Amino acid sequence: MEKTKETWFQKVEKMHPYQTLMYLGMFGSGLIFLFLTVAFLSSGTGYFEQYGHKIPKAFIVSTFVILFSGFTVSKLLIYFNEENLEKLKSNLILTAILGLVFTILQFFGWRELSMMGVDFRGLPSGSFLYVLSGIHIFHLLGVMIFSVIMLVQYHQNGKSEIQQILMLTNPFERMRIRLFTTYWHFMDLIWLVLFLVFVLTF
């Protein structure tokens, strides 16, 4: 008997609640960034021409950092499937550190903008630079906090071989890592789009 093709709604119904919440959150965040980016582009970006089209160097460096973090986070599921807890933890730590470095570089980027005279007191386009990058940092900090929670749990489960085996064979844990990876890549993509918009406007 021929199987009927599942509708989009039926696929959503079969999702775990965590998956549904994350995808809804990503959709909502995407809309926020879209509206703010459109508002930024409509606010008169020609204001930046007087600064010689110098995008903050810290923004450039942070872009390479977050791209590398996208590579490290993609290894998490591989190490989980290999049941290699040590590499899983070390890669998760590295990913979190790269996220922290990215965040620090954003503050340096704001400092560079301020030194150029781009601040909240100028035209709205200057304010949008801080708002867009700031909201991105806020989202990234949320997933970084979750990475710390995962690390604590992995450390506790690693004390017992039985707990470690149960965790590394748990489909729920595999789903958590997949969701974490997906959201991190989503944050990577959001920054790349923002960075491209910033480059085109400077």
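Structural notes, computed from the coordinates.

So, how was this worked out
- Residues numbered from 1 in each chain as written.
- Predicted model: local features only at pLDDT ≥ 70, side-chain atom pairs only at ≥ 80, totals over all residues.
- Heavy atoms only, no water.
- Phe/Tyr/Trp six-rings, centres within 6.5 Å; stacked < 30°, edge-to-face > 60°.
- Helix = DSSP H or I, 4+ residues; strand = E, 2+ residues; numbered from the N terminus.
- Buried < 20%, exposed > 50% of the residue type's maximum accessible area, 1.4 Å probe, protein only.
- Core = buried A, V, L, I, M, F, W, Y, C linked by side-chain atoms within 4.5 Å.
- Contact = heavy atoms within 4.5 Å.
- 1 Å grid on protein atoms, 1.4 Å probe; cavity = no way out; pocket = protein on both sides within 12 Å on 5 of 7 lines; lining within 4 Å.
- Points joined across faces, edges and corners; volume = space filled by probe spheres on them.
- Nonpolar A, V, L, I, M, F, W, Y, C, P; charged D, E, K, R; others polar.
- Salt bridge = Lys/Arg side-chain N within 4 Å of Asp/Glu carboxyl O.

1. Comments concerning the packing of aromatic side chains
Scanning the entire structure with this criterion turns up 12 aromatic pairs. On the basis of an interplanar angle of 80 degrees and a centroid distance of 5.5 Å, the ring pair of F59 and W191 is categorised as edge-to-face. Taken as a pair, F59 in helix 3 (residues 57-74) and W191 in helix 8 (residues 171-201) lie far apart in primary sequence, 132 residues in all. F59 sits in the buried class, given a relative accessible area of 1%. Ring plane angle 25 degrees and centroid distance 6.1 Å describe the contact between F68 and F71, whose orientation is recorded as stacked. Of the two residues, F68 and F71 both sit in helix 3, 3 residues apart, roughly one turn of that helix. Looking at F71, the relative accessible area reads 48%, which means it is partly exposed.

2. Comments concerning the nonpolar core
In a soluble, globular protein the nonpolar side chains are often hidden away together inside. With 50 residues, the main nonpolar core has F59, L88, L113, Y154, F180, W191 and F198 as its most contacted residues. Looking at this core, the elements with two or more residues in it are helix 2 (17-41), helix 3, helix 4 (76-81), helix 5 (85-116), helix 6 (124-157), helix 7 (161-168) and helix 8. Considering each element in turn, this core owes the most residues, 14 residues, to helix 8. When neighbours within four sequence positions are excluded, F180 is seen to be in contact with V73, L76, L92, V143, F146, S147 and M150.

3. Regarding the layout of surface pockets
The calculated volume of the largest pocket comes to roughly 320 Å³. Lining of the largest pocket is provided by Y18, L21, M22, G25, G142, V143, F146, R176, L179, F180 and Y183. Of all the elements in the fold, those that place two or more residues in the lining of the largest pocket are helix 2, helix 6 and helix 8. Tallied by class, residues from the lining of the largest pocket come to 8 nonpolar, 2 polar and 1 charged.

4. Thoughts on the environment of M22
Summarising the element assignment, M22 is placed in helix 2. Looking at M22, the relative accessible area reads 12%, which means it is buried. Distance from M22 to L179, taken between C-alpha atoms, is 7.6 Å for residues 157 residues apart in sequence.

5. What about the pattern of salt bridges?
Tallied over the full model, the rule gives 2 salt bridges. Across the salt bridge formed by E86 and K89, the nearest N and O atoms sit 3.6 Å from each other. Here E86 and its partner K89 are both found in helix 5, 3 residues apart, which amounts to about one turn of the helix. Of the residues examined, E86 reaches a relative accessible area of 53% and is grouped as exposed. Looking at K89, the relative accessible area reads 15%, which means it is buried. R176 is paired through a salt bridge with E173; the nearest N and O atoms lie 3.1 Å apart. Linking R176 with E173, this pair stays in helix 8, spanning 3 residues, or about one helical turn. Accessibility expressed as a relative area gives 10% for R176, which makes it buried.

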